[in-house]
Amino acid sequence: MTTAVLGGGLSGLSAGYYLLRRFGKPLTIYEASPRVGGWVRSENRKDRNFIFESGPRTIRPVGEPGANTLELVEDLKLEVTPIRRSHVAARNRMLYAKGQLCMLPNSPKGLFGVLPPFTKPLYKAVLRDLFTASKKAKLEDESIYSFAERRFGKEIADYAISPMICGICAGDAREISVRFLMEGLFEKEQKYGGVLKGTLISRFEKNKTKDTKDGLFAERQPKLYAQAVKEKWAMYGLKGGLENLPKTMRKYLGERDVNVQLSNECRNLTFSSSGVRMNIKDAEVPVEHVVSSLPAYKLAPLVKQQHPSLSAQLLSIPYVDVLVVNMQFPGKLLKQDGFGLLVPPVEKLPLLGVIFDSCCFDMGENTVLTVMMGGHWFDQWFGDRPSPKQILDLATSHVQKMLQIREEPKFSRVHTLHKCIPQYTVGHKRRVEAIRNYIKTYKLPLSVCGAAYDGVGINDVILSARRQVEAIPLS
């Protein structure tokens, strides 16, 4: 079967990897830009012993998605840098709220004292959940903010859940779907009448089976995943930066005669009973099946001519812009180590959060920080399109105030990531089902994978590619 993959980001390269494993060749990956990796980009300053990441820098080795990525990492023979649960970056996460840096509780003991920015002990929010009746959600979904406020109170919704959503997808918790991002908790509440109640009952019913015992790894767990569990990894990075994952995948695929075509944008897809014709550089390229890992808004115009309603459904998935500012300061300047801090939207500041890169990984005598701004609030703060210098000055002044740093950064990078993160707004699960049902109903030789449909994390996009490839009929 001749297959083409659209998009050379992590999901597209993963689709290529799984297609090769399942069908063999011929197989071509088409990427519109001159590089692979999508939003994963590492700048490795070996001469100065630090790395700037403009995209993700860590991967969580949790559950089936985590095991799946580690199986891939193992096969690619990549060198990992584990961060164990005992590491300061795994233990310490902070908020910047009410004008101060606030440590989030990292043990059950933290539930009983009053920790700023909260005004009462957190165990009271747990009790509230126990004694609050459940409410059937309209259209089987609601916003994460509404769910959290209903179950645990406004303070938890404002100062715990909302900043967490900023960290996951740069989104507004008042719009993001609880059914998509926290389906387990939502279903427990709907089925058992409460989150805690549901958690306890389902634990009892399942008798706490291990999370990868079913599914893909029922027979055998990847060695690296077993090691991660044994050594209690909270997360891990890759030696030399996370961009080594897409770069190594490209090399791996190339060595196995998979053609990765850069600077080759597909401009239209025409479906027929014999397959698909792709318009690439004004030439018609026929294939039997296309796997699209493109953002939904980029796939939409390619199918619009023949399938306008599918195009409209794809366009109904919104995206946000994010500004990423990397900064390096000479010396160890942080007064409090940790993974980083998040800024609750209720604080009305332009920052979403700051990652303490040099706490996560050894970067010698450097303080390396990554500041994220914009997201859902991009137009509110940056609608007048400030210059990179103005963006850097704004990020620096906030970092200096929040972290009590007097110095100016010595090295910095400013990245504007346009439409980089899909927003899983209320009803997202149904939207994705409708898109895939349309493709199935019209028997289109098309599969869709990636962040738009199945989650924004690295584990999500890789597993999304695997599942979609495995669903392609063998005939």
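Residues numbered from 1 in each chain as written. Predicted model: local features only at pLDDT ≥ 70, side-chain atom pairs only at ≥ 80, totals over all residues. Heavy atoms only, no water.

Under an unreviewed UniProt entry, the chain has the name Protoporphyrinogen oxidase and belongs to Drosophila melanogaster. In the Subcellular location (unreviewed entry) part of its UniProt record, the chain is described as follows: "Mitochondrion inner membrane". According to its UniProt record, the chain has this under Catalytic activity (unreviewed entry): "protoporphyrinogen IX + 3 O2 = protoporphyrin IX + 3 H2O2". (UniProt positions renumbered as here; feature names shortened; annotations may be inferred.)

## Regarding the layout of surface pockets
In this structure, the second largest pocket occupies an estimated 510 Å³ of space. Forming the walls of the second largest pocket are 18 residues, and the residues nearest its centre are His 289, Leu 444, Pro 445, Leu 446 and Pro 473. Contributing elements (two or more residues each) for the lining of the second largest pocket: α17 (428–441) and β19 (446–448). Here the lining of the second largest pocket gets 4 residues from one element, more than from any other, and that element is α17. Its residues assigned to classes, the lining of the second largest pocket shows 9 nonpolar, 5 polar and 4 charged. (1 Å grid on protein atoms, 1.4 Å probe; cavity = no way out; pocket = protein on both sides within 12 Å on 5 of 7 lines; lining within 4 Å. Points joined across faces, edges and corners; volume = space filled by probe spheres on them. Helix = DSSP H or I, 4+ residues; strand = E, 2+ residues; numbered from the N terminus. Nonpolar A, V, L, I, M, F, W, Y, C, P; charged D, E, K, R; others polar.)

## Description of the pattern of salt bridges
The final tally for this structure, using the stated rule, is 21 salt bridges. Where Arg 45 meets Asp 47, a salt bridge forms, and the shortest distance between an N and an O atom there is 3.5 Å. Close ionic contact of Glu 142 with Arg 150 constitutes a salt bridge, the shortest N to O distance being 2.4 Å. Accessibility assignment for this pair places Glu 142 and Arg 150 in one class, buried. Among the charged side chains, a network of salt bridges with common partners joins Arg 21, Glu 71, Arg 466 and Glu 470. (Salt bridge = Lys/Arg side-chain N within 4 Å of Asp/Glu carboxyl O. Buried < 20%, exposed > 50% of the residue type's maximum accessible area, 1.4 Å probe, protein only.)

## Structural notes on the side chain of Ser 358
Relative to the helices and strands, Ser 358 is located in helix α14 (residues 357–360). A polar contact is formed between the side chain of Ser 358 and the backbone nitrogen of Val 368, at a distance of 2.9 Å. Residue contacts for Ser 358: discarding those within four places in its chain leaves Met 363, Asn 366, Thr 367 and Val 368. (Polar contact = N/O pair within 3.5 Å; in protein donor to acceptor, adjacent residues only side chain to side chain. Contact = heavy atoms within 4.5 Å.)

## Here's the deal with the environment of Asn 106
Positionally, Asn 106 belongs in the loop between β7 (100–103) and α4 (123–131). Here Asn 106 falls in the partly exposed class, since its relative accessible area comes to 47%. When the C-alpha atoms of Asn 106 and Ala 90 are compared, they prove to be 9.2 Å apart, with 16 residues separating the residues in sequence. Setting aside chain neighbours within four positions, we find Asn 106 in contact with Arg 91 and Asn 92. A distance of 3.5 Å separates the side chain of Asn 106 from the side chain of Asn 92, its partner in a polar contact.

## Focus on the domain arrangement of the chain
Per the domain assignment, the segments making up the chain are domain 1 (3–39 + 242–318 + 425–471) and domain 2 (90–207). In this complex, domain 1 contributes 10 residues to the contact, which on the side of domain 2 involves 12 residues. Counting the surface domain 1 buries against domain 2, the share from its top three residues, Val 426, Lys 429 and Arg 430, is 56%. The interface formed by domain 1 and domain 2 contains 1 salt bridge. Linking domain 1 to domain 2 there are 2 residue pairs in polar contact (both at pLDDT 80 or more). Breaking the side of domain 1 that touches domain 2 down by element, the ones donating at least two residues are α17 and α18 (451–454). Examining the composition of the side of domain 1 that touches domain 2, we find that 3 residues originate from one element, α17, more than from any other. (Domains from an automatic or database assignment. Buried area = accessible area lost by both parts, 1.4 Å probe.)

## Considering the sheet that holds β7
In spatial order, the strands read β7-β6-β15-β16-β17-β14-β18; together these 7 strands make up an open sheet with mixed pairing. The two strands at the open ends of the sheet, each matched to only one other strand, are β7 and β18 (411–422). With strand direction ignored, the average angle separating the axes of adjacent strands in the sheet is 25°. Relative to β18, strand β14 (residues 319–330) runs antiparallel, the two being bridged by 9 bridges. (Pairing = 2+ DSSP bridges. Axes fitted to C-alpha atoms, helices over the stretch in contact; angles between N-to-C directions.)

## Looking at the nonpolar core
In a soluble, globular protein the nonpolar side chains are often hidden away together inside. Core analysis: the biggest nonpolar cluster contains 43 residues, and Leu 19, Leu 245, Met 249 and Leu 253 have the highest contact counts within it. Where this core is concerned, the elements lending two or more residues are α1 (10–23), β2 (27–30), α2 (63–75), α10 (223–230), β8 (233–238), α11 (244–255) and α19 (458–470). Broken down by element, this core gets its largest block of residues, 8 residues, from α1. Sequence-distant contacts of Met 249, that is, excluding residues within four places in its chain, are made with Leu 10, Leu 13, Ser 14, Tyr 17, Leu 72 and Leu 76. Ranked by size, the runner-up nonpolar core spans 31 residues in total, among them Val 287, Leu 302, Leu 314 and Val 432. (Core = buried A, V, L, I, M, F, W, Y, C linked by side-chain atoms within 4.5 Å.)

## A closer look at the packing of aromatic side chains
Scanning the model with the defined rule gives 10 aromatic pairs in all. Where Tyr 17 meets Tyr 252, the ring centres are 5.5 Å apart and the plane angle is 45°; that geometry is what we call tilted. Remark: Tyr 252 occurs in helix α11 and Tyr 17 occurs in helix α1; sequence separation between them is 235 residues. Of the residues examined, Tyr 17 reaches a relative accessible area of 5% and is grouped as buried. Members of the aromatic cluster, each reached through a chain of ring pairs, are Tyr 17, Tyr 18 and Tyr 252. The positively charged end of Arg 256 is found above the aromatic ring belonging to Tyr 252, 3.6 Å away from the centroid. (Phe/Tyr/Trp six-rings, centres within 6.5 Å; stacked < 30°, edge-to-face > 60°. Lys NZ or Arg CZ within 6 Å of the ring centre and 35° of its normal.)

## Quick notes on the sheet that holds strand β9 (residues 259–261)
Taken in spatial order, the 5 strands line up as β9-β2-β1-β13-β19 in an open sheet, and their pairing is parallel. The open sheet has two edge strands, β9 and β19, and neither has a second partner. Strand-to-strand, the axes of this sheet are offset by a mean angle of 15°, without reference to chain direction. Here 3 bridges tie strand β13 (residues 289–292) to β19, and the two strands are oriented parallel to one another. Considered in β19, the bridge of Val 291 is made with Ser 447.

## Description of the environment of Asn 92
With respect to the helices and strands, Asn 92 occurs in the loop between α3 (88–91) and β6 (93–97). Its relative accessible area of 8% is what places Asn 92 among the buried residues. Separated by 244 residues in sequence, Asn 92 and Gln 336 have C-alpha atoms that sit 8.8 Å apart. In contact with Asn 92, other than residues within four places in its own chain, are Met 103, Asn 106, Gln 336, Asp 337, Gly 338, Phe 339 and Gly 340.

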